[in-house]
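The chain contents come next:
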Amino acid sequence: MSEPTRTELEAAAFRRLLAHLDDRKDVQNIDMMNLTGFCRNCLSRWYQEEAAARGVEIDKEAAREVVYGMPYSEWKAKYQTEASADQKAAFEVNKPDH
């Protein structure tokens, strides 16, 4: 497989991941962290870091908007719920070190 084709496929898969997450706004970041060790905020940070590695300056909020599909503050107000005691306890056990 050529490098440009690989890059196109990876980009398409990332866009599908973002679309899937957009369709599953009911899945909270803490649920993702507890099950997978990453969340939407991690994805936005990775996006920002990869941009910086290529000399492209993207601030935290702009990177989050790419992942959330809207300003993060708007997403939080519309979709984020308070984490339960069980979710918080699981997070403390499974908390990633990144």
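Look above for the structure.
Throughout what follows, the structure given in this document is the object of discussion. (Residues numbered from 1 in each chain as written. Predicted model: local features only at pLDDT ≥ 70, side-chain atom pairs only at ≥ 80, totals over all residues. Heavy atoms only, no water.)

**Some points on the overall build of the protein**
So, step 1. Counting its regular elements, the protein contains six helices and zero strands.
So, step 2. The order of helices and strands in the protein, counted from the N terminus, is α-α-α-α-α-α.
So, step 3. Considering the protein as a whole, with its 98 residues, one finds that 29% of them fall into the buried category.
So, step 4. When contacts within the protein are restricted to residue pairs at least 6 apart in sequence, long-range pairs at least 24 apart make up 48% of them.
So, step 5. For the protein, the computed accessible surface area is about 6800 Å², with 53% contributed by carbon and sulfur atoms.
So, step 6. If you average the places of the 14 positive and of the 18 negative side-chain charges in the protein, the two averages end up 2 Å apart. (Helix = DSSP H or I, 4+ residues; strand = E, 2+ residues; numbered from the N terminus. Buried < 20%, exposed > 50% of the residue type's maximum accessible area, 1.4 Å probe, protein only. Contact = heavy atoms within 4.5 Å. Areas by Shrake-Rupley, 256 points an atom, 1.4 Å probe, with all protein chains shown as cover. Lys, Arg positive; Asp, Glu negative; His and termini not counted. Charge placed at Lys NZ, Arg CZ, Asp CG, Glu CD.)

**Observations regarding the pattern of salt bridges**
So, step 1. With the rule as written, the count across this model stands at seven salt bridges.
So, step 2. In this structure, Lys-25 engages Asp-22 in a salt bridge whose closest nitrogen and oxygen atoms are separated by 2.8 Å.
So, step 3. With a relative accessible area of 18%, Lys-25 lands in the buried category.
So, step 4. A salt bridge links Glu-50 to Arg-54; the nearest nitrogen and oxygen atoms lie 2.6 Å apart. (Salt bridge = Lys/Arg side-chain N within 4 Å of Asp/Glu carboxyl O.)

**A short note on a negative patch on the surface**
So, step 1. Together, Glu-57, Asp-59, Glu-61 and Glu-65 make up a region of like negative charge exposed at the surface.
So, step 2. With respect to the helices, strands and loops of the structure, Glu-65 is situated in helix 4 (residues 60-68).
So, step 3. Judged by its relative accessible area of 41%, Glu-65 is partly exposed. (Patch = residues over 30% accessible without salt bridge, like charges linked within 9 Å, V, L, I, M, F, W, Y side chains within 5 Å.)

**Re the nonpolar core**
So, step 1. Core analysis: the largest hydrophobic core is formed by 12 residues, namely Leu-18, Leu-21, Met-32, Met-33, Cys-39, Cys-42, Leu-43, Val-67, Tyr-68, Met-70, Tyr-72 and Trp-75.
So, step 2. Those elements that place two or more of their residues in this core are helix 1 (3-23), helix 2 (29-36), helix 3 (40-53), helix 4 and helix 5 (72-79).
So, step 3. The residues touching Leu-43, leaving out its near neighbours within four places in the chain, are Phe-14, Leu-17, Leu-21, Phe-38 and Val-67. (Core = buried A, V, L, I, M, F, W, Y, C linked by side-chain atoms within 4.5 Å.)

**A word on the packing of helix 1 against helix 3**
So, step 1. Relative orientation of the contacting elements helix 1 and helix 3 amounts to 150°, with a least axis distance of 12 Å. Classed by the angle they form, the pair helix 1 and helix 3 counts as roughly antiparallel. Pair helix 1 / helix 3 crosses with left-handed handedness. Counting all contacts with helix 1, which are made through Phe-14, Leu-17 and Leu-21, the residues of helix 3 involved are Arg-40, Leu-43 and Tyr-47.
So, step 2. For the contact of helix 1 with helix 3, the residue count by class is five nonpolar, no polar and one charged. (Axes fitted to C-alpha atoms, helices over the stretch in contact; angles between N-to-C directions. Parallel < 35°, antiparallel > 145°, perpendicular 65-115°, else oblique. Left-handed = near helix turned anticlockwise from the far one by under 90°. Nonpolar A, V, L, I, M, F, W, Y, C, P; charged D, E, K, R; others polar.)

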